[in-house]
Amino acid sequence: MSLFNRGQTEKKNEKSRQQKLSYTAYDNPYVDQLSEHYKTRLLNETNLEKLTSLSQGEMRHTIERLVSQFMAEEKVIISRRDKETLLTRLIDESVGFGPLEPLLNDPDITEILINGHKEVYIEKDGQLTLTDLQFRDEAHVRHIIDRVVAPIGRRIDESSPMVDARLKDGSRVNAVIPPISLNGALVSIRKFRKDPYRMSDLIGFDSLNDAMAQFLEAVVKAKLNVLISGGTGSGKTTLLNALARAIPDGERVITIEDSAELKLDRPNVVGMEARPPNVEGKGEINIRQLVRNALRMRPDRIIVGEVRGAEAFDMLQAMNTGH
(Lines give C-alpha, C1' and ligand atoms only; values in the text may rest on other atoms or scores of the structure.)
Protein backbone atom coordinates (compact mmCIF):
# COMPACT_ATOMS: atom_id res chain seq x y z
CA MET A 1 0.00 0.00 0.00
CA SER A 2 1.30 3.43 -0.90
CA LEU A 3 2.84 5.54 1.84
CA PHE A 4 0.75 8.63 1.14
CA ASN A 5 -2.70 7.03 0.93
CA ARG A 6 -2.55 4.44 3.71
CA GLY A 7 -4.63 6.59 6.03
CA GLN A 8 -7.21 7.31 3.33
CA THR A 9 -7.57 3.67 2.29
CA GLU A 10 -8.20 2.47 5.82
CA LYS A 11 -11.27 4.70 5.89
CA LYS A 12 -12.77 3.03 2.81
CA ASN A 13 -15.47 0.41 3.40
CA GLU A 14 -15.32 -3.10 1.96
CA LYS A 15 -17.97 -2.37 -0.66
CA SER A 16 -15.98 0.47 -2.22
CA ARG A 17 -12.88 -1.73 -2.27
CA GLN A 18 -14.63 -4.38 -4.36
CA GLN A 19 -16.37 -1.97 -6.71
CA LYS A 20 -15.69 -2.52 -10.39
CA LEU A 21 -14.98 0.77 -12.13
CA SER A 22 -16.64 1.58 -15.41
CA TYR A 23 -15.14 3.86 -18.03
CA THR A 24 -16.60 4.75 -21.42
CA ALA A 25 -15.68 2.09 -23.97
CA TYR A 26 -16.18 2.12 -27.72
CA ASP A 27 -18.79 -0.52 -28.55
CA ASN A 28 -20.44 0.72 -31.76
CA PRO A 29 -19.15 -1.44 -34.66
CA TYR A 30 -20.13 1.14 -37.30
CA VAL A 31 -18.35 3.94 -35.45
CA ASP A 32 -15.36 1.60 -35.09
CA GLN A 33 -15.25 1.11 -38.88
CA LEU A 34 -15.58 4.83 -39.55
CA SER A 35 -12.88 5.57 -37.00
CA GLU A 36 -10.39 3.23 -38.69
CA HIS A 37 -11.30 4.59 -42.12
CA TYR A 38 -10.93 8.28 -41.18
CA LYS A 39 -7.82 7.59 -39.13
CA THR A 40 -6.23 6.22 -42.29
CA ARG A 41 -7.31 9.30 -44.25
CA LEU A 42 -5.95 11.62 -41.57
CA LEU A 43 -2.61 9.82 -41.61
CA ASN A 44 -2.41 9.91 -45.41
CA GLU A 45 -3.82 13.36 -46.11
CA THR A 46 -2.71 15.55 -43.19
CA ASN A 47 0.46 16.57 -41.37
CA LEU A 48 0.09 14.53 -38.18
CA GLU A 49 3.14 16.13 -36.58
CA LYS A 50 1.58 19.56 -37.02
CA LEU A 51 -1.71 18.30 -35.59
CA THR A 52 -0.06 16.96 -32.43
CA SER A 53 1.62 20.31 -31.82
CA LEU A 54 -1.76 22.03 -31.44
CA SER A 55 -3.55 22.51 -28.13
CA GLN A 56 -6.24 19.96 -27.24
CA GLY A 57 -9.02 22.38 -28.22
CA GLU A 58 -7.41 23.41 -31.52
CA MET A 59 -6.62 19.80 -32.38
CA ARG A 60 -10.19 18.68 -31.79
CA HIS A 61 -11.54 21.61 -33.85
CA THR A 62 -9.16 20.80 -36.72
CA ILE A 63 -9.96 17.09 -36.71
CA GLU A 64 -13.69 17.86 -36.50
CA ARG A 65 -13.41 20.13 -39.55
CA LEU A 66 -11.44 17.54 -41.54
CA VAL A 67 -13.76 14.66 -40.61
CA SER A 68 -16.84 16.73 -41.48
CA GLN A 69 -15.22 17.41 -44.85
CA PHE A 70 -14.51 13.69 -45.35
CA MET A 71 -18.08 12.75 -44.39
CA ALA A 72 -19.55 15.33 -46.77
CA GLU A 73 -17.39 13.98 -49.61
CA GLU A 74 -18.51 10.41 -48.88
CA LYS A 75 -22.13 11.37 -48.05
CA VAL A 76 -21.94 9.71 -44.61
CA ILE A 77 -24.63 10.73 -42.11
CA ILE A 78 -24.54 9.76 -38.42
CA SER A 79 -26.12 11.09 -35.23
CA ARG A 80 -24.52 13.92 -33.26
CA ARG A 81 -23.77 11.51 -30.40
CA ASP A 82 -22.04 9.04 -32.72
CA LYS A 83 -20.08 11.88 -34.30
CA GLU A 84 -18.84 13.00 -30.86
CA THR A 85 -17.82 9.42 -30.11
CA LEU A 86 -16.12 9.21 -33.51
CA LEU A 87 -14.15 12.44 -32.92
CA THR A 88 -13.07 11.35 -29.45
CA ARG A 89 -12.00 7.98 -30.78
CA LEU A 90 -10.05 9.52 -33.67
CA ILE A 91 -8.16 11.86 -31.35
CA ASP A 92 -7.46 9.08 -28.86
CA GLU A 93 -6.29 6.63 -31.52
CA SER A 94 -4.45 9.00 -33.84
CA VAL A 95 -2.62 11.29 -31.45
CA GLY A 96 -3.45 9.81 -28.05
CA PHE A 97 -3.39 6.44 -26.34
CA GLY A 98 -6.72 4.95 -27.33
CA PRO A 99 -8.86 3.45 -24.53
CA LEU A 100 -6.28 4.56 -21.96
CA GLU A 101 -7.09 8.26 -22.42
CA PRO A 102 -9.87 8.47 -19.76
CA LEU A 103 -7.60 6.66 -17.29
CA LEU A 104 -4.62 8.92 -18.02
CA ASN A 105 -6.83 11.98 -17.57
CA ASP A 106 -8.16 10.84 -14.19
CA PRO A 107 -5.95 12.54 -11.55
CA ASP A 108 -6.99 10.06 -8.83
CA ILE A 109 -5.55 7.04 -10.67
CA THR A 110 -1.96 6.27 -9.69
CA GLU A 111 -1.37 3.05 -11.65
CA ILE A 112 -2.68 1.49 -14.87
CA LEU A 113 -2.01 -2.20 -15.50
CA ILE A 114 -2.78 -3.95 -18.79
CA ASN A 115 -2.84 -7.76 -18.61
CA GLY A 116 -3.33 -8.57 -22.28
CA HIS A 117 -6.01 -6.91 -24.38
CA LYS A 118 -8.99 -8.04 -22.28
CA GLU A 119 -7.95 -6.89 -18.80
CA VAL A 120 -7.16 -3.37 -17.59
CA TYR A 121 -6.69 -2.71 -13.87
CA ILE A 122 -6.22 0.61 -12.13
CA GLU A 123 -4.99 1.63 -8.69
CA LYS A 124 -6.95 4.24 -6.75
CA ASP A 125 -6.39 5.00 -3.08
CA GLY A 126 -3.95 2.10 -2.92
CA GLN A 127 -6.58 -0.42 -4.14
CA LEU A 128 -6.39 -2.35 -7.43
CA THR A 129 -9.67 -2.54 -9.35
CA LEU A 130 -10.68 -4.17 -12.64
CA THR A 131 -12.21 -1.76 -15.17
CA ASP A 132 -14.61 -2.45 -18.04
CA LEU A 133 -12.09 -1.22 -20.62
CA GLN A 134 -10.76 -3.64 -23.22
CA PHE A 135 -8.63 -3.36 -26.35
CA ARG A 136 -9.84 -4.75 -29.65
CA ASP A 137 -7.02 -7.28 -29.84
CA GLU A 138 -3.31 -7.72 -29.11
CA ALA A 139 -2.39 -5.68 -32.18
CA HIS A 140 -4.32 -2.75 -30.68
CA VAL A 141 -2.26 -2.94 -27.47
CA ARG A 142 0.97 -3.14 -29.48
CA HIS A 143 -0.07 -0.05 -31.43
CA ILE A 144 -0.48 1.90 -28.20
CA ILE A 145 2.91 0.67 -26.92
CA ASP A 146 4.55 1.79 -30.16
CA ARG A 147 2.96 5.24 -29.77
CA VAL A 148 4.57 5.47 -26.32
CA VAL A 149 8.10 4.35 -27.20
CA ALA A 150 8.54 5.76 -30.72
CA PRO A 151 8.86 9.47 -29.76
CA ILE A 152 11.76 8.75 -27.39
CA GLY A 153 13.67 6.58 -29.85
CA ARG A 154 13.07 3.23 -28.16
CA ARG A 155 11.69 0.04 -29.65
CA ILE A 156 10.02 -3.19 -28.65
CA ASP A 157 9.95 -6.38 -30.72
CA GLU A 158 10.77 -10.08 -30.39
CA SER A 159 14.50 -9.37 -30.25
CA SER A 160 13.97 -6.70 -27.58
CA PRO A 161 10.71 -7.67 -25.81
CA MET A 162 11.00 -5.34 -22.79
CA VAL A 163 11.07 -1.57 -22.71
CA ASP A 164 10.98 1.32 -20.22
CA ALA A 165 9.66 4.68 -21.35
CA ARG A 166 7.75 7.69 -20.10
CA LEU A 167 4.88 9.85 -21.29
CA LYS A 168 5.00 13.62 -21.79
CA ASP A 169 3.43 14.17 -18.37
CA GLY A 170 6.23 12.18 -16.75
CA SER A 171 4.29 8.96 -16.20
CA ARG A 172 6.57 5.92 -16.21
CA VAL A 173 5.77 3.07 -18.62
CA ASN A 174 7.04 -0.50 -18.67
CA ALA A 175 5.97 -2.90 -21.42
CA VAL A 176 6.65 -6.60 -21.98
CA ILE A 177 5.54 -8.62 -25.00
CA PRO A 178 5.75 -12.28 -26.09
CA PRO A 179 7.77 -14.47 -26.06
CA ILE A 180 8.78 -13.11 -22.64
CA SER A 181 5.16 -12.53 -21.63
CA LEU A 182 2.85 -15.54 -21.49
CA ASN A 183 -0.34 -13.43 -21.38
CA GLY A 184 -0.02 -11.18 -24.40
CA ALA A 185 1.30 -7.63 -24.16
CA LEU A 186 1.70 -6.43 -20.56
CA VAL A 187 1.88 -2.71 -19.77
CA SER A 188 2.39 -0.98 -16.42
CA ILE A 189 1.95 2.80 -16.20
CA ARG A 190 2.92 4.64 -13.01
CA LYS A 191 1.34 8.09 -12.94
CA PHE A 192 2.65 11.05 -10.98
CA ARG A 193 0.97 14.17 -9.70
CA LYS A 194 1.62 17.43 -11.51
CA ASP A 195 2.20 18.99 -8.10
CA PRO A 196 4.21 16.55 -5.94
CA TYR A 197 3.09 15.97 -2.38
CA ARG A 198 4.70 18.08 0.33
CA MET A 199 5.62 16.90 3.80
CA SER A 200 2.46 18.59 5.11
CA ASP A 201 0.41 16.40 2.75
CA LEU A 202 2.03 13.22 4.10
CA ILE A 203 1.21 14.36 7.63
CA GLY A 204 -2.39 14.99 6.54
CA PHE A 205 -2.57 11.42 5.17
CA ASP A 206 -1.39 10.04 8.54
CA SER A 207 1.65 8.58 6.77
CA LEU A 208 3.88 10.21 9.39
CA ASN A 209 3.56 12.67 12.27
CA ASP A 210 5.04 16.12 12.93
CA ALA A 211 7.98 14.78 14.91
CA MET A 212 8.93 12.34 12.17
CA ALA A 213 8.68 15.06 9.52
CA GLN A 214 10.84 17.47 11.54
CA PHE A 215 13.45 14.76 12.09
CA LEU A 216 13.63 13.83 8.40
CA GLU A 217 13.87 17.45 7.28
CA ALA A 218 16.62 18.07 9.86
CA VAL A 219 18.55 15.07 8.48
CA VAL A 220 18.42 16.59 4.99
CA LYS A 221 19.43 20.08 6.14
CA ALA A 222 22.36 18.57 8.08
CA LYS A 223 23.64 17.02 4.82
CA LEU A 224 23.53 13.46 6.13
CA ASN A 225 23.43 10.62 3.61
CA VAL A 226 19.90 9.29 3.17
CA LEU A 227 18.79 5.96 1.69
CA ILE A 228 15.07 5.47 1.03
CA SER A 229 14.05 1.83 0.70
CA GLY A 230 10.69 0.15 0.22
CA GLY A 231 8.54 -2.10 -1.91
CA THR A 232 6.96 -1.26 -5.26
CA GLY A 233 4.41 1.51 -4.93
CA SER A 234 5.25 2.13 -1.26
CA GLY A 235 5.92 5.84 -1.81
CA LYS A 236 9.70 6.07 -2.16
CA THR A 237 9.62 8.70 -4.92
CA THR A 238 6.84 10.58 -3.13
CA LEU A 239 8.89 10.79 0.07
CA LEU A 240 12.05 11.72 -1.84
CA ASN A 241 10.28 14.62 -3.56
CA ALA A 242 8.97 15.83 -0.20
CA LEU A 243 12.38 15.56 1.48
CA ALA A 244 14.12 17.41 -1.36
CA ARG A 245 12.17 20.54 -0.47
CA ALA A 246 14.28 20.77 2.69
CA ILE A 247 17.48 21.30 0.66
CA PRO A 248 18.54 24.97 0.96
CA ASP A 249 18.00 27.03 -2.22
CA GLY A 250 21.66 28.05 -2.41
CA GLU A 251 22.83 24.49 -3.13
CA ARG A 252 23.33 22.86 -6.52
CA VAL A 253 21.39 19.60 -6.93
CA ILE A 254 22.05 16.92 -9.58
CA THR A 255 19.49 14.16 -10.10
CA ILE A 256 20.34 10.85 -11.77
CA GLU A 257 17.55 8.51 -12.83
CA ASP A 258 16.94 5.44 -14.91
CA SER A 259 13.63 6.96 -16.02
CA ALA A 260 12.95 10.57 -14.99
CA GLU A 261 10.32 10.77 -12.23
CA LEU A 262 11.50 13.39 -9.77
CA LYS A 263 9.91 16.84 -9.80
CA LEU A 264 11.95 19.18 -7.63
CA ASP A 265 10.39 22.62 -7.39
CA ARG A 266 13.58 24.52 -6.58
CA PRO A 267 16.33 26.58 -8.29
CA ASN A 268 19.68 25.23 -9.55
CA VAL A 269 18.62 21.63 -10.08
CA VAL A 270 19.78 19.69 -13.16
CA GLY A 271 18.90 16.15 -14.13
CA MET A 272 20.47 13.31 -16.09
CA GLU A 273 18.76 10.18 -17.36
CA ALA A 274 20.25 6.83 -18.31
CA ARG A 275 20.04 5.75 -21.95
CA PRO A 276 19.50 2.19 -23.21
CA PRO A 277 21.52 0.73 -26.10
CA ASN A 278 20.36 1.53 -29.65
CA VAL A 279 19.24 -0.96 -32.30
CA GLU A 280 22.88 -1.98 -32.88
CA GLY A 281 23.37 -2.57 -29.16
CA LYS A 282 25.60 0.49 -28.77
CA GLY A 283 25.39 3.88 -27.07
CA GLU A 284 24.20 2.73 -23.65
CA ILE A 285 24.80 5.13 -20.77
CA ASN A 286 24.07 3.57 -17.40
CA ILE A 287 23.51 4.93 -13.91
CA ARG A 288 27.07 4.09 -12.87
CA GLN A 289 28.53 6.30 -15.61
CA LEU A 290 26.20 9.15 -14.68
CA VAL A 291 27.13 8.96 -10.99
CA ARG A 292 30.81 9.23 -11.90
CA ASN A 293 30.14 12.13 -14.25
CA ALA A 294 28.06 13.97 -11.65
CA LEU A 295 31.13 14.27 -9.41
CA ARG A 296 32.69 16.52 -12.07
CA MET A 297 29.69 18.86 -12.17
CA ARG A 298 30.28 20.70 -8.87
CA PRO A 299 27.37 19.12 -6.98
CA ASP A 300 26.31 20.02 -3.46
CA ARG A 301 23.75 17.23 -3.53
CA ILE A 302 23.49 14.13 -5.72
CA ILE A 303 20.11 12.37 -5.84
CA VAL A 304 20.15 8.91 -7.43
CA GLY A 305 16.62 7.83 -8.31
CA GLU A 306 17.25 4.10 -8.16
CA VAL A 307 20.25 2.08 -7.00
CA ARG A 308 20.03 -1.59 -7.91
CA GLY A 309 23.36 -2.59 -9.45
CA ALA A 310 27.05 -1.73 -9.76
CA GLU A 311 26.27 1.96 -9.30
CA ALA A 312 25.90 1.27 -5.56
CA PHE A 313 29.71 1.15 -5.31
CA ASP A 314 30.05 4.53 -7.04
CA MET A 315 27.35 5.95 -4.81
CA LEU A 316 29.29 4.88 -1.72
CA GLN A 317 32.44 6.44 -3.17
CA ALA A 318 30.55 9.68 -3.78
CA MET A 319 29.41 9.67 -0.17
CA ASN A 320 33.01 9.21 0.98
CA THR A 321 34.09 12.30 -0.98
CA GLY A 322 31.71 14.38 1.09
CA HIS A 323 28.91 14.82 -1.45
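Residues numbered from 1 in each chain as written. Predicted model: local features only at pLDDT ≥ 70, side-chain atom pairs only at ≥ 80, totals over all residues. Heavy atoms only, no water.

Before going further, it helps to spend a moment on the overall build of the chain. A count of helical and extended segments in the chain gives 13 helices and nine strands. Out of the 323 residues belonging to the chain, those deemed buried represent 40%. Considering only residue pairs separated by 6 or more positions, the chain has 54% of its internal contacts joining residues 24 or more positions apart. Accessible surface, the chain as shown: approximately 18300 Å² in total, 50% of it carbon and sulfur. (Helix = DSSP H or I, 4+ residues; strand = E, 2+ residues; numbered from the N terminus. Buried < 20%, exposed > 50% of the residue type's maximum accessible area, 1.4 Å probe, protein only. Contact = heavy atoms within 4.5 Å. Areas by Shrake-Rupley, 256 points an atom, 1.4 Å probe, with all protein chains shown as cover.)

A few words on helix H8 (residues 138–149). Two residues of an α-helix separated by three or four positions point the same way, owing to the 3.6 residues in each turn. Here H8 is 12 residues long and its end C-alpha atoms lie 17 Å apart, about the 16 Å a rise of 1.5 Å per residue gives. Within the span of H8, buried status applies to His 140, Val 141, Ile 144, Ile 145, Val 148 and Val 149. Backbone nitrogen of Ala 139 and a side-chain oxygen of the N-cap are separated by 3.2 Å at the start of H8; the cap is Asp 137. (Expected span 1.5 Å × (residues − 1). Polar contact = N/O pair within 3.5 Å; in protein donor to acceptor, adjacent residues only side chain to side chain.)

The next subject is unusual backbone geometry. Cis geometry marks the peptide bond from Pro 178 to Pro 179; its omega dihedral reads 10 degrees. At Asn 268, a residue that is not glycine, the phi angle is positive and equals roughly 55 degrees. Tracing the backbone shows Asn 268 in the loop between strand E7 (253–257) and strand E8 (269–273).

Looking down a regular strand, the side chains alternate between one sheet face and the other. Buried residues dominate strand E1 (residues 109–115), accounting for five of its seven residues. The sheet contact formed by E1 and strand E2 (residues 120–124) spans five bridges and is antiparallel. Note on E2: the bridge partner recorded for Leu 113 is Tyr 121. In textbook terms, the turn of a hairpin is the stretch between consecutive antiparallel strands, and for E1 and E2 this stretch comprises four residues, one of which, Gly 116, has a positive phi near 80 degrees. (Pairing = 2+ DSSP bridges.)

What follows concerns the sheet that holds E1. Ordered by their spatial adjacency, six strands build an open sheet running E3-E2-E1-E6-E5-E4, and the pairing between neighbours is antiparallel. Bordering the open sheet on either side are strand E3 (127–130) and strand E4 (162–166), each of which pairs with just one other strand. This sheet shows a mean twist of 15 degrees between the axes of neighbouring strands, independent of strand direction. Pairing between E2 and E3: four bridges, direction antiparallel. Of the residues in E3, the one forming a bridge with Lys 124 is Gln 127. (Axes fitted to C-alpha atoms, helices over the stretch in contact; angles between N-to-C directions.)

Turning next to the nonpolar core. Among the nonpolar cores identified, the biggest contains 26 residues, and Leu 100, Leu 103, Ile 112, Ile 145 and Val 187 are the most heavily contacted of them. Elements with a contribution of two residues or more to this core: helix H7 (101–104), E1, E2, H8, E4, strand E5 (172–176) and strand E6 (186–190). Looking at this core, the element that brings in the most residues is H8, giving five residues. (Core = buried A, V, L, I, M, F, W, Y, C linked by side-chain atoms within 4.5 Å.)

Mapped onto the fold, Gly 170 is located in the loop between E4 and E5. Residue classification places Gly 170 among the buried positions, given a relative accessible area of 14%. In the structure, Gly 170 is positioned 91 residues away from Glu 261 in sequence and 6.2 Å away in space, judged by C-alpha atoms. Once you skip the residues sitting within four places of it in the chain, Gly 170 turns out to touch Phe 192 and Ala 260.

As a further point, take the sheet that holds strand E9 (residues 301–304). Whenever strands of a sheet pair, they do so through backbone hydrogen bonds, lying parallel or antiparallel. Across the sheet, which stays open at both edges, the three strands sit in the order E8-E7-E9 with parallel pairing between neighbours. At either end of the open sheet lies a strand with only one pairing partner, and these are E8 and E9. Taken pair by pair, the neighbouring strands of this sheet meet at an average axis angle of 20 degrees, ignoring direction. Judged from the five bridges that link them, E7 and E8 form a sheet pairing that is parallel. Residue pairing for E8: Ile 254 is matched across the bridge by Val 270. Helix H12 (residues 287–294) rests against E7, E8 and E9 of the sheet, and its axis sits at about 170 degrees to E7.

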